[in-house]
Amino acid sequence: MKFDMMSKSRMFKLDKQLIRAHRARTNNYDIWIQKNNQKSREVFKILSTALKDISGYEIPRIVIVRGSQMPKDSFSAYDKTSDTIFINNKLYADDIVEEMLSDGYFAARNFRGILIHELVHKKH
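This text gives an overview of the structure that appears in the document. None of the values given here were measured: they were computed from a predicted structure.

For the rest of this paragraph, the subject is the environment of Y105. Within the element layout of this structure, Y105 appears in the loop between α2 (94-100) and α3 (111-123). Distance in space between the C-alpha atoms of Y105 and K16 is 26 Å, their sequence separation being 89 residues.

The structure is reproduced here in structure tokens:
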């Protein structure tokens, strides 16, 4: 899967971090990718699959972000002001996501659960 990284970039604000991302022009959603690398491409694939299986939620803009620029210990985040979900690019494989969530601290058990968690923040 290839992204149109020649497209005009846009700046997003996540906490105090400024994130420059490019829009992915290969889907029906407003998805932006900070870094065109293998991890981000894999997150994009998982995200695209998960979005097809989710109904009953308005899907906001989504930005796939380098893990180093996410808030500490954060898999994802919803910014109400910009109506944007930020997804950590460390979530690039189902087994890695399940391992990260295995301690039981979070209600989510997989990538879809993480995404729904953020969509509930948007809804409320």
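Below, the discussion takes up helix α1 (residues 38-52). Across its 15 residues, α1 extends 22 Å between first and last C-alpha, which sits within 8% of the 21 Å expected from 1.5 Å per residue. Among the residues of α1, S40, V43, F44, I46, L47, S48, A50 and L51 are the ones counted as buried. In this fold, the buried residues of α1 make contact with β3 (31-33), β4 (61-65), β6 (84-88), α2 and α3.

Within the chain, D15 stands out as a residue other than glycine whose phi angle is a positive 55°. When you line up the elements, D15 lands in the loop between β1 (9-14) and β2 (17-23). Classification of D15 as exposed rests on a relative accessible area of 54%. Not every positive phi belongs to a glycine, and D83 is a case in point at roughly 50°. Look at D83 and you get partly exposed, because its relative accessible area is 24%.

The rules behind these values
- Residues numbered from 1 in each chain as written.
- Predicted model: local features only at pLDDT ≥ 70, side-chain atom pairs only at ≥ 80, totals over all residues.
- Heavy atoms only, no water.
- Helix = DSSP H or I, 4+ residues; strand = E, 2+ residues; numbered from the N terminus.
- Expected span 1.5 Å × (residues − 1).
- Buried < 20%, exposed > 50% of the residue type's maximum accessible area, 1.4 Å probe, protein only.
- Contact = heavy atoms within 4.5 Å.

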